[in-house]
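One letter stands for each residue in the lines below.
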Amino acid sequence: QVQVVESGGGLVQAGGSLRLSCVASGSKFSINVMGWYRQAPGKQRELVASISSGGSTNYADSVKGRFTISRDNAKNTVYLQMNSLKPEDTAVYYCKIIPGPYNYWGQGTQVTVSS
């Protein structure tokens, strides 16, 4: 059974930093892409950043220069370093993994940025 577990969310003041982690386990396939999405109240879920097994990254324009995605393939773990946080970054952050032909989501972790 594949499990995807996020951690690291919390409450932070504007301008602060947080680091999210996501650990995947149980997959029979190697994980091609790992990514972070977010969903704010009343809005659609959107891609924040993704990273391939080879290290290629992709970022939403709204987080470029502030967020950094990285991964440890040996640990099946992906990280999201979030700096210079803004109130508009407030959302539930979800981790998504794509092993082989499948995709799996974590349960989400709340990030709240106060002004």
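All of the points below concern the structure found in this document.

Another point: the side chain of S21. Its location among the elements puts S21 in strand β3 (residues 18–25). Relative accessible area serves as the criterion here: at 17%, S21 is assigned to the buried category. The residues contacting S21, other than those within four sequence positions of it, are V5, E6, S7, W36, V78 and Y79.

Let us look at unusual backbone geometry. The phi dihedral of N76 falls on the positive side, at around 50°, and the residue is not glycine. Examined against the element boundaries, N76 turns out to sit in the loop between β7 (67–72) and β8 (77–82). Notably, S84 is not glycine yet its phi reads approximately 50°, a positive angle. One can find S84 in the loop between β8 and β9 (91–99).

Cut-offs applied
Residues numbered from 1 in each chain as written. Predicted model: local features only at pLDDT ≥ 70, side-chain atom pairs only at ≥ 80, totals over all residues. Heavy atoms only, no water. Helix = DSSP H or I, 4+ residues; strand = E, 2+ residues; numbered from the N terminus. Buried < 20%, exposed > 50% of the residue type's maximum accessible area, 1.4 Å probe, protein only. Contact = heavy atoms within 4.5 Å.

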